Amino acid sequence: KKFIKIAGPISFQNLMSSLVSASDAFMLGFLDQTSLSAVSLATQVAFVYSLFFGAFVFGFNVLGAQYWGKGDEKSVKKVTTMALRYAVLVGMIFSAVSLICPRLVMRIFTSDRQLIAAGASYLRVVSASFILTGISQVYLGVLKVCDRAGTSSIIGSLSVILNIGLNALFIFGIGDMKGMGIAGAALATVCARIFEVALSLI
């Protein structure tokens with residue numbers, strides 16, 4: 001029962017997270033093939049970053065769970081601070097590179113000028129999300145370690161729902177609000193991360 005209580009919400013949260021990429025691909029597919037391909041390539045930057053903060057968060061989860069099980073909250077706080085420090089530091093590097101030289105980053109993945117230009121516009125807007133993702137993932141990890149896996153799942157799922165809704169709004173627009181296209185998908189991601197960090201802190 002305890003295992004299901006912990007693993008169930010986490011599995012559901014991971015499933016919901018995968019829906020963001022699917023919704024991006026589905027909605028951008030209505031624009032043009034260039035937008036879809038450019039975002040697909042640009043999101044490889046986020047994937048590489050996830051390998052870094054994933055290592056910090058997974059390491060924290062192992063140590064944090066042990067300390068929490070022993071009732072050593074002081075050590076949990078120390079490990080949380082350490083994980084947060086490294087996740088934010090690496091996030092700042094990825095954000096800075098994506099903001100300052102997005103075209104250079106896109107050239108790593110493709111030589112097509114159209115894809116480089118479209119991907120660069122996406123990276124500039126989404127760059128802020130790297131720092132925010134590092135912060136939110138560490139705090140969501142804290143919740144899981146401290147017997148709040150259900151709360152972590154709810155926050156992550158609400159963030160996904162918001163991301164998908166904002167995707168539709170920003171990509172296509174509504175009423176007097178014009179669609180932003182590929183930049184709209186990036187802005188939706190940033191807004192969702194801000195929401196996720198705020199709820200995690202609360």
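So, here's what we can say about the structure. Position numbers for residues start from 1 in each chain and track the written sequence from start to end. Given that this is a predicted model, residues contribute local features only at a pLDDT of at least 70 and side-chain atom pairs are listed and counted only at 80 or more, while totals for whole chains, interfaces and linings are drawn from all residues. Processing note: side-chain calculations cover all non-hydrogen atoms of the structure and skip hydrogens and water entirely.

This next bit is on the overall build of the protein chain. Elements are defined by DSSP. Helices are runs of H or I of four residues or more, strands are runs of E of two residues or more, and each kind is numbered from the N terminus. Summing up its helical and strand segments, the protein chain has 8 helices and 2 strands in all. What you see in the protein chain, going N to C, is helices and strands ordered as α-α-α-α-α-α-α-β-β-α. Principal-axis analysis of the C-alpha atoms places the extent of the protein chain at approximately 55 × 35 × 25 Å. Here's how the labels work: a residue is buried when its accessible area is under 20% of the maximum for its type, exposed when over 50%, partly exposed in between, all with a 1.4 Å probe on protein chains only. The proportion of buried residues among the 202 residues of the protein chain is 43%. Note on contacts: a residue pair is in contact if any heavy atoms of the two residues lie within 4.5 Å. Nonlocal contacts in the protein chain, meaning residues at least 24 apart in sequence, comprise 74% of its contacts between residues at least 6 apart. Per element, the accessible surface of the protein chain, about 10,800 Å² overall, is 68% carbon and sulfur. Separation between the mean location of the 16 positive side-chain charges and that of the 8 negative ones in the protein chain comes to 8 Å. Using a 1.4 Å probe, the Shrake-Rupley method yields the accessible areas, and only the shown protein chains count as cover for residues. When charges are counted, Lys and Arg contribute as positive and Asp and Glu as negative, whereas His and the chain ends are disregarded. Note that the charge is assigned to NZ on lysines, CZ on arginines, CG on aspartates and CD on glutamates.

In this structure, Y122 and L123 are the most contacted members of the largest nonpolar core, which totals 38 residues. At the level of secondary structure, the elements contributing two or more residues to this core comprise α1 (2-28), α2 (33-70), α3 (73-100), α4 (102-109), α5 (113-126), α6 (128-145) and α8 (182-201). What is meant by a nonpolar core is a set of buried Ala, Val, Leu, Ile, Met, Phe, Trp, Tyr and Cys residues, joined one to another through side-chain atoms within 4.5 Å.

Attention now moves to a nonpolar patch on the surface. Note on patches: the residues involved have over 30% relative accessible area and no salt bridge, like charges join within 9 Å, and the nonpolar side chains Val, Leu, Ile, Met, Phe, Trp and Tyr join within 5 Å. The working definition used for a salt bridge is a side-chain nitrogen of Lys or Arg within 4 Å of a carboxyl oxygen of Asp or Glu. A surface patch of nonpolar side chains, amounting to about 460 Å² of accessible area, comprises M82, Y86, L89, I93 and V97. Examined against the element boundaries, M82 turns out to sit in helix α3.

Before going further, it helps to examine the environment of Y49. Positionally, Y49 belongs in helix α2. The sequence separation of Y49 and G134 amounts to 85 residues, and the corresponding C-alpha distance is 9.0 Å. Among residues more than four places away in sequence, those in contact with Y49 are A87, V90, G91, F94, F130, T133 and G134.

This paragraph deals with α6. Between its terminal C-alpha atoms α6 stretches 27 Å, which fits the 26 Å expected from 18 residues at 1.5 Å a residue. The positive-phi residue at the C-terminal boundary of α6 is D147, with phi of around 65°. Given the number of residues in a helix, its expected span is that number minus one, multiplied by 1.5 Å.

What follows concerns the packing of α2 against α5. Lines are fitted to the C-alpha atoms to define the axes, a helix being fitted only along its stretch in contact, and any angle between axes, read from their N-to-C directions, falls within 0 to 180 degrees. Where α2 meets α5, the axes come as close as 8 Å, and the angle between the chain directions of the two elements is 60°. When the axis of α2 is compared with that of α5, the two are oblique. Note that α2 runs across α5; the crossing there is right-handed. Here T34, S37, A38, V39, L41, A42, T43 and V45 of α2 come into contact with α5, specifically with Q114, L115, A118, G119, Y122 and L123. Residues are grouped as follows: Ala, Val, Leu, Ile, Met, Phe, Trp, Tyr, Cys and Pro are nonpolar; Asp, Glu, Lys and Arg are charged; all remaining types, including Gly, are polar. Considered class by class, the residues forming the contact of α2 with α5 number 9 nonpolar, 5 polar and no charged. Angle categories are assigned with fixed cut-offs, so that under 35 degrees is roughly parallel, over 145 is roughly antiparallel, 65 to 115 is roughly perpendicular, and the rest are oblique. Working rule for handedness: look at the near helix, and if it is turned counterclockwise from the far one by less than a right angle, call the crossing left-handed; if clockwise, right-handed.

Here the focus is the environment of I6. Looking at the element boundaries, I6 is found in helix α1. Remark: the alpha-carbon pair of I6 and R148, spanning 142 residues in sequence, is separated by 8.4 Å.

Our next topic: the packing of aromatic side chains. Pairing of aromatic side chains requires ring centres within 6.5 Å, counting the rings of Phe and Tyr and the six-membered ring of Trp. Pairs whose planes differ by under 30 degrees are stacked, by over 60 edge-to-face, and all others tilted. Summed over all chains, the structure comprises 6 aromatic pairs. Summarising the aromatic geometry, the rings of Y49 and F130 are spaced 5.8 Å apart at their centres and angled 75° between planes, so their arrangement reads as edge-to-face. With Y49 in helix α2 and F130 in helix α6, the pair connects residues that are 81 residues apart, well separated along the chain. Note on F130: relative accessible area 3%, which makes it buried. Three or more aromatic residues joined by ring pairs form one cluster here, namely Y49, F52, F53, F94 and F130.

Our focus in this paragraph is the pattern of salt bridges. Scanning all chains against the criterion turns up 1 salt bridge. One salt bridge in this structure joins E196 and R193, with 3.2 Å as the shortest N-O distance. With E196 and R193 both in helix α8 and 3 residues apart, the pair spans about one turn of that helix. Overall, the relative accessible area of 4% leaves E196 in the buried class. Residue class for R193 comes out buried when judged on its relative accessible area of 12%.

To continue, consider α2. Here α2 spans 53 Å end to end across 38 residues, near enough to the 56 Å set by a 1.5 Å rise per residue. At F53, α2 shows its maximal bend, which comes to roughly 25°. Taken residue by residue, α2 has S35, A38, V39, A42, V45, Y49, F53, G54, V57, F60 and G64 as its buried positions. Two residues or fewer past α2, G71 is found with a positive phi of approximately 80°. At any given residue, the bend is defined as the angle formed between two axes, one fitted to the seven residues that end at that position and one fitted to the seven that begin there.

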